Amino acid sequence: MIHYLLRRVLLGVVQVFLVVVGIFLLTEALPGDAAVTIAGDNPDPAVIAGLREQLGLDRPMWQRFAEWVLAAAQGDLGTSLAGPRSVAEVIGSAAGPTLLLACLALVLLVPLSTGVGMLAARREGGRLDRMITSTTLGLYAAPEFAMAILLVTVFAVQLGWFPPTAVGGSLLSRPGLLVLPVVVLLLRPICSLSRLVRAGMIEAQHSPYVQHARRLGLSPGRIRFAHALPNAAAPAVQQLARTADWLIGGVIVVEAIFVVPGLGTTLLEAVSARDLPVLQGLALVFASTTVLVNLGADVAARILSPTAEAHR
C-alpha cells in the first residue's frame with residue numbers, strides 16, 4: 001500500500017503540473033491580456049504598454065511562468081491582475097459558497113443514493129426496480145442547466161417557494177437560497193451512484209460469501225448491510241470521488257444560473273479579465289483537489305473490495 005501511495009502521489013504531482021502548464025498556455029493564446037482589459041475604453045497603445053510593464057506582462061512567457069512556479073512552491077500564488085488582492089484571498093473568499101453547496105450535496109448524496117440503490121436491488125426486475133431505473137435514467141439524461149431553469153420557473157417564479165437567485169442575500173442567513181441549487185446538484189449524482197449501488201448489491205447478493213452467510217442463518221438485514229453493502233460500495237466510492245471533484249471544482253453552471261458567488265463565478269470573471277494569476281491559482285486548486293479526492297477514493301475502494309488484498 002505504501003508503494004502504491006507513493007506512486008500515485010508522484011503521478012498526481014505530474015498531473016497537477018501539466019494542468020497548470022496547459023492553463024498557462026491556453027490563457028496566453030487568448031486574444032488580448034489583462035492590460036487590454038484594464039484599459040477598457042481607452043485603448044491607447046502607450047497606456048496599454050505602460051500597463052503591461054506595470055503588471056510584468058512585457059517579460060518573456062517562460063520567465064513569468066518560472067517565477068510563478070517557484071513562488072507557488074513556497075505558498076505564494078501571486079497577486080490578482082484585476083485588483084490589489086492576493087490570489088489566495090480571492091480564492092479563499094469565493095471558496096466558502098462553493099464548499100457550502102458541495103458539502104451539503106455530499107452529506108445528502110451518500111444516504112439518498114445508497115438508499116435508492118438498495119431499494120431497487122431488493123427485487124431485481126420487479127415493479128419498483130423498473131420504476132426507479134426508468135426515473136433515474138430520465139433524470140440523468142437531463143442537463144443541469146435545463147433542470148435548474150425548470151426548478152426556478154416552477155418553484156421560484158410560479159409558486160414563489162424559494163428565491164430564484166442568491167443576489168442580495170447570504171447563503172447562511174437565508175437557507176432558502178440553498179434549496180434549489182442543492183437539488184440541482186443532487187439529481188444527476190443520485191442517479192449514477194444509485195445505479196452503481198444497485199448493480200453492486202445485485203452482484204453481491206449472488207456471490208458465494210453472501211450465500212454462505214445465508215446458510216449460516218444470518219438475518220437478511222445483517223447480510224445486506226454487513227456483507228453485501230461494503231463490497232458493493234467499492235465502485236460507488238470511486239464514482240463518489242468524481243462527483244465530489246465535480247462539486248468542489250466550481251459547479252460553474254449551477255453557480256452561474258443561481259448567481260452564487262463561488263469558485264465557478266470567480267473562474268468566469270478571471271477568464272473575462274484575463275487574470276492569469278487567478279486562473280493559475282484556480283487550476284492548481286482544482287487539479288490538486290482532483291488528485292487528492294481520487295487518491296482517497298482508490299484507497300477506500302481497495303480496502304472495501306474483497307479482492308483488495310490480492311492487489312497489494
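Here is a short report on the structure shown in this document. (Residues numbered from 1 in each chain as written. Predicted model: local features only at pLDDT ≥ 70, side-chain atom pairs only at ≥ 80, totals over all residues. Heavy atoms only, no water.)

## Here we look at empty space enclosed by the protein
Selection rule: Site definitions follow a grid-based scheme: protein atoms alone, a 1 Å grid, a 1.4 Å probe that fits but cannot get out for cavities, and for pockets an open set with protein on both sides within 12 Å along at least five of seven lines, plus lining residues having an atom within 4 Å of a point. Grid points are joined across faces, edges and corners, and a volume is the space filled by probe spheres set on the points. Residues were grouped as follows: Ala, Val, Leu, Ile, Met, Phe, Trp, Tyr, Cys and Pro as nonpolar; Asp, Glu, Lys and Arg as charged; and all remaining residues, including Gly, as polar.
This structure, assessed with the given rule, holds one cavity of 30 Å³ or more. When its volume is computed, the largest cavity comes out at roughly 40 Å³. If you trace the largest cavity, you find it lined by V116, G117, A120, I132, T133, T136, S194, R195 and R198. A breakdown of the residues in the lining of the largest cavity according to their chemical character gives three nonpolar, four polar and two charged.

## What about the layout of surface pockets?
Worth spelling out the cut-off: Counting from the N terminus, the helices are DSSP H or I runs at least four residues long and the strands are E runs at least two residues long.
In this structure, the second largest pocket occupies an estimated 300 Å³ of space. What lines the second largest pocket is a set of 17 residues, and nearest its centre among them are V13, V16, F17, L284 and S288. Contributing elements (two or more residues each) for the lining of the second largest pocket: α1 (2-29), α4 (61-73) and α13 (276-304). Per-element tally for the lining of the second largest pocket: the top contributor is α1, with seven residues.

## With respect to the packing of α1 against α4
This is how it is decided: Simply put, an axis is a line fit to the C-alpha atoms, just over the touching stretch for a helix, and the angle between two N-to-C directions goes from 0 to 180 degrees. Note on convention: the crossing is left-handed when the near helix lies turned anticlockwise from the far helix by less than a right angle, right-handed when the turn is clockwise. Should any heavy atoms of two residues lie within 4.5 Å, those residues are counted as being in contact.
For the pair α1 and α4, the least separation of the axes is 12 Å and the interaxial angle reads 145 degrees. Where α1 crosses over α4, the two elements pack in a sense that is right-handed. Touching F17, V20, V21, F24, L25 and E28 of α1 are M61, R64, F65, W68 and V69, all from α4. Within the contact of α1 with α4, the residues separate by chemical class into nine nonpolar, no polar and two charged.

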